[in-house]
Amino acid sequence: MSDVIVFKGAVTYPITLDPTVWVFDERKFDLNTYTGEEDPSSSKQMQYLQGTGMQWDKELKEGAQLPSERKSLAEERQVLDGDYGMRLDPFITNAAPLPEATHVRLHRENADPIVLPISEARRAILQFAKAGKPIKEDGPVYFYLPEALLKKEAPITGITALEFFTA
């Protein structure tokens, strides 16, 4: 099993993903609470921006204060438990598929490759943690389309590379 996923083929920037470090990424979300919302990061970002604006206004009026108590150990450990996923779209955007690329081939370790249109792959969610641990068996990620995740269908497993090409 490979611990990384390679983006290759018709891309401007071939990249290598290491899902074992995504637990520290702010874009991750808990798959147990996933509701099918198209872009949960946009609402979180909006909440963050609104909170930041309110804090800015408060500090202008009242002056800065020391941060309140640190998160409890239980709250910090909760971040390390659970099933987490990340959207594939930002990584596809970073790889910058060439304009002529229309499809992506998911190369798998012990199975035949699967071909999807790039538009479908952009919707995908990659599960990188199960019960707070990196996915080792058939990993390093499980590939879900949003509707498959909501229906609790089996994921596409054993992905080693994403190859972009023209069909």
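This is a predicted model, so every value here is computed, not measured. (Residues numbered from 1 in each chain as written. Predicted model: local features only at pLDDT ≥ 70, side-chain atom pairs only at ≥ 80, totals over all residues. Heavy atoms only, no water.)

**Comments concerning the packing of aromatic side chains**
Phase 1 of the analysis: Within this structure, the stated rule accounts for 5 aromatic pairs.
Phase 2 of the analysis: Ring centres 5.0 Å apart and planes at 10° place the aromatic pair Trp-22 and Phe-91 in the stacked group. With Trp-22 in the loop between strand E2 (15–17) and strand E3 (29–30) and Phe-91 in helix H3 (residues 89–95), the pair connects residues that are 69 residues apart, well separated along the chain.
Phase 3 of the analysis: Exposure remark for Trp-22: the relative accessible area of 5% places this residue in the buried category.
Phase 4 of the analysis: On the basis of relative accessibility, which here comes to 7%, the residue Phe-91 falls in the buried class.
Phase 5 of the analysis: Here the aromatic cluster, defined as three or more aromatic residues joined through ring pairs, consists of Trp-22, Tyr-84, Phe-91 and Phe-128. (Phe/Tyr/Trp six-rings, centres within 6.5 Å; stacked < 30°, edge-to-face > 60°. Helix = DSSP H or I, 4+ residues; strand = E, 2+ residues; numbered from the N terminus. Buried < 20%, exposed > 50% of the residue type's maximum accessible area, 1.4 Å probe, protein only.)

**Notes on the nonpolar core**
Phase 1 of the analysis: Residues Phe-7, Leu-88, Phe-143, Leu-162 and Phe-164 are the most contacted members of the largest nonpolar core, which totals 31 residues.
Phase 2 of the analysis: Elements supplying a minimum of two residues to this core: strand E1 (5–9), E2, strand E4 (84–87), H3, strand E5 (103–108), helix H4 (118–122), strand E7 (125–130) and strand E10 (159–165).
Phase 3 of the analysis: If you look at the next biggest cluster of nonpolar residues, it comprises 8 residues, including Phe-29, Tyr-34, Ile-125 and Leu-149. (Core = buried A, V, L, I, M, F, W, Y, C linked by side-chain atoms within 4.5 Å.)

**Quick word on the sheet that holds strand E6 (residues 114–117)**
Phase 1 of the analysis: Pairing is mixed in the open sheet, where 5 strands are placed in the order E2-E1-E10-E5-E6. The strands lining the two open edges of the sheet, one partner per strand, are E2 and E6. Neighbour-to-neighbour, the strand axes of this sheet turn through a mean angle of 25°, independent of strand direction.
Phase 2 of the analysis: Alignment of E5 against E10, held across 6 bridges, turns out to be antiparallel. Of the residues in E10, the one forming a bridge with His-103 is Phe-165. (Pairing = 2+ DSSP bridges. Axes fitted to C-alpha atoms, helices over the stretch in contact; angles between N-to-C directions.)

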